[in-house]
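# Tertiary structure, described
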Amino acid sequence: RKEVEQDPGPFNVPEGATVAFNCTYSNSASQSFFWYRQDCRKEPKLLMSVYSSGNEDGRFTAQLNRASQYISLLIRDSKLSDSATYLCVVNGRGGSYIPTFGRGTSLIVHP
Amino acid sequence: EPEVTQTPSHQVTQMGQEVILRCVPISNHLYFYWYRQILGQKVEFLVSFYNNEISEKSEIFDDQFSVERPDGSNFTLKIRSTKLEDSAMYFCASSESPRSSYEQYFGPGTRLTVT
């Protein structure tokens, strides 16, 4: 089983739509969770951390389910500028701070 | 806004040659990282560095790789004898703390092409 697994997509949605991505991780000792955004041929940029109680930042909501070992990202009212690849990142394997990246989910928002 | 910078943006080299990729982390950050991303694949951790020492490294970071902080601002990744499979985007990152909850800031990357 891959350490961090994501549906590669692409998710093709119209502007204004709500879209959700999931990410599963295999190591139950994982401690920290993040969503990064990566535009084509650019560097990853932190979108948001994911907290146990769930958290929201504007149109973005992230949730963590430790029991089922997955995190989710919900984007409401999609904008054209949301088109990107969304990377799930899981950190902390038994004291290690090595982050493990998923391959990413591609989102295309069209007019 | 402070940012991580990397040079060169694109490096083309022949197989077997040595390359040095350079990074200038954010000035008040103390923890530095190198990652690589082969085209179409996921970002992979190579090495973390603190206080002039390697903190952690992955199985990818073998004897062909080395890192150095030669002065107060630069952080370099050296590949001694490049192979075709080293062709990738190499990202440098820095953070205030190694704690897994702290954000890492990524540089724009160096695209390495080995021919």
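Up top is the structure these notes are about.
No experiment lies behind these values; they were computed from the predicted model shown. (Residues numbered from 1 in each chain as written. Chains lettered and ligands numbered in written order. Predicted model: local features only at pLDDT ≥ 70, side-chain atom pairs only at ≥ 80, totals over all residues. Heavy atoms only, no water.)

### So, the overall build of chain A
A count of helical and extended segments in chain A gives 0 helices and 11 strands. Order of helices (α) and strands (β) in chain A, N terminus to C terminus: β-β-β-β-β-β-β-β-β-β-β. The C-alpha radius of gyration computed for chain A amounts to 13 Å, which stays within 12% of the reference 13 Å derived for 111 residues, consistent with globular compactness. With respect to the principal axes defined by its C-alpha atoms, chain A has extents near 45 × 30 × 20 Å. Within chain A, contacts between residues separated by at least 24 positions form 56% of all contacts whose residues are at least 6 apart in sequence. (Helix = DSSP H or I, 4+ residues; strand = E, 2+ residues; numbered from the N terminus. Rg over C-alpha atoms; globule rule 2.2 N^0.38 Å. Contact = heavy atoms within 4.5 Å.)

### Some thoughts on the sheet that holds strand β3 (residues 19-24) of chain B
All names here are of chain B. An order of β1-β3-β8-β7 is seen for the 4 strands of this open sheet, with the pairing classed as antiparallel. This sheet does not close on itself; its edge strands, each paired only once, are β1 (5-7) and β7 (65-68). Across this sheet, the average inter-strand angle for adjacent strands is 20°, counted without regard to direction. (Pairing = 2+ DSSP bridges. Axes fitted to C-alpha atoms, helices over the stretch in contact; angles between N-to-C directions.)

### Here's the deal with the interface of chain A and chain B
The interface of chain A with chain B comprises 19 residues on the first partner and 22 residues on the second. Summed over both partners, the interface of chain A with chain B comes to about 1800 Å²; 55% of that surface belongs to carbon and sulfur atoms. Counting the surface chain A buries against chain B, the share from its top three residues, R41, Y97 and F101 of chain A, is 30%. There are 2 residue pairs in polar contact (both at pLDDT 80 or more) connecting chain A and chain B. The set of elements that each furnish at least two residues to the side of chain A that touches chain B consists of β4 (32-38), β5 (44-50) and β9 (84-91) of chain A. (Buried area = accessible area lost by both parts, 1.4 Å probe. Polar contact = N/O pair within 3.5 Å; in protein donor to acceptor, adjacent residues only side chain to side chain.)

### A word on the pattern of salt bridges
All names here are of chain A. Scanning all chains against the criterion turns up 5 salt bridges over all chains. E56 is paired through a salt bridge with R76; the nearest N and O atoms lie 3.6 Å apart. Placement of the pair is E56 in strand β6 (residues 55-57) and R76 in the loop between β8 (70-75) and β9, with a sequence separation of 20 residues. Owing to a relative accessible area of 58%, E56 belongs among the exposed residues under this scheme. (Salt bridge = Lys/Arg side-chain N within 4 Å of Asp/Glu carboxyl O. Buried < 20%, exposed > 50% of the residue type's maximum accessible area, 1.4 Å probe, protein only.)

### Some details on the sheet that holds strand β7 (residues 60-65) of chain A
Residues and elements named next belong to chain A. An order of β1-β3-β8-β7-β6 is seen for the 5 strands of this open sheet, with the pairing classed as antiparallel. Either end of the sheet is taken by a strand with one partner, and the two such strands are β1 (4-6) and β6. Across the sheet, the axes of successive neighbouring strands diverge by a mean angle of 20°, strand direction being ignored. Relative to β8, strand β3 (residues 19-25) is paired through 6 bridges, and the arrangement is antiparallel. By the bridge assignment, N22 is partnered in β8 with S72.

### Observations concerning the packing of aromatic side chains
Residue and element names in this part refer to chain B. A complete count under the given rule lists 17 aromatic pairs over all chains for this structure. When the ring of Y35 is compared with that of F45, the centres are 5.8 Å apart and the planes differ by 75°; the resulting orientation is edge-to-face. Taken together, the residues span a long stretch of sequence, with Y35 in strand β4 (residues 31-37) and F45 in strand β5 (residues 43-50) at a distance of 10 residues. With relative accessibility at 6%, the residue F45 sits in the buried group. (Phe/Tyr/Trp six-rings, centres within 6.5 Å; stacked < 30°, edge-to-face > 60°.)

### Quick look at the environment of R41 of chain A
With respect to the secondary-structure elements, R41 of chain A resides in the loop between β4 and β5. Each C-alpha atom of the pair R41 of chain A and A62 of chain A lies 25 Å from the other, and the pair is 21 residues apart in sequence.

### Quick word on the state of the cysteines
In total, this model carries 2 disulfides over all chains according to the counting rule given. Across the disulfide from C23 of chain A sits C88 of chain A; the S-S distance is 1.9 Å. Residues C23 of chain A and C88 of chain A are joined through a disulfide that is left-handed, its torsion about the S-S bond being -70°. On the criterion of sequence distance, the pair formed by C23 of chain A in strand β3 and C88 of chain A in strand β9 is long-range, its members being 65 residues apart. Residue C88 of chain A is classed as buried on the basis of its relative accessible area, which comes to 0%. Two residues, C23 of chain B and C92 of chain B, share a disulfide whose sulfurs are 1.9 Å apart. Measuring handedness by torsion sign, the sulfur bridge of C23 of chain B and C92 of chain B sits at about -60° and is left-handed. (Disulfide = S-S within 2.5 Å.)

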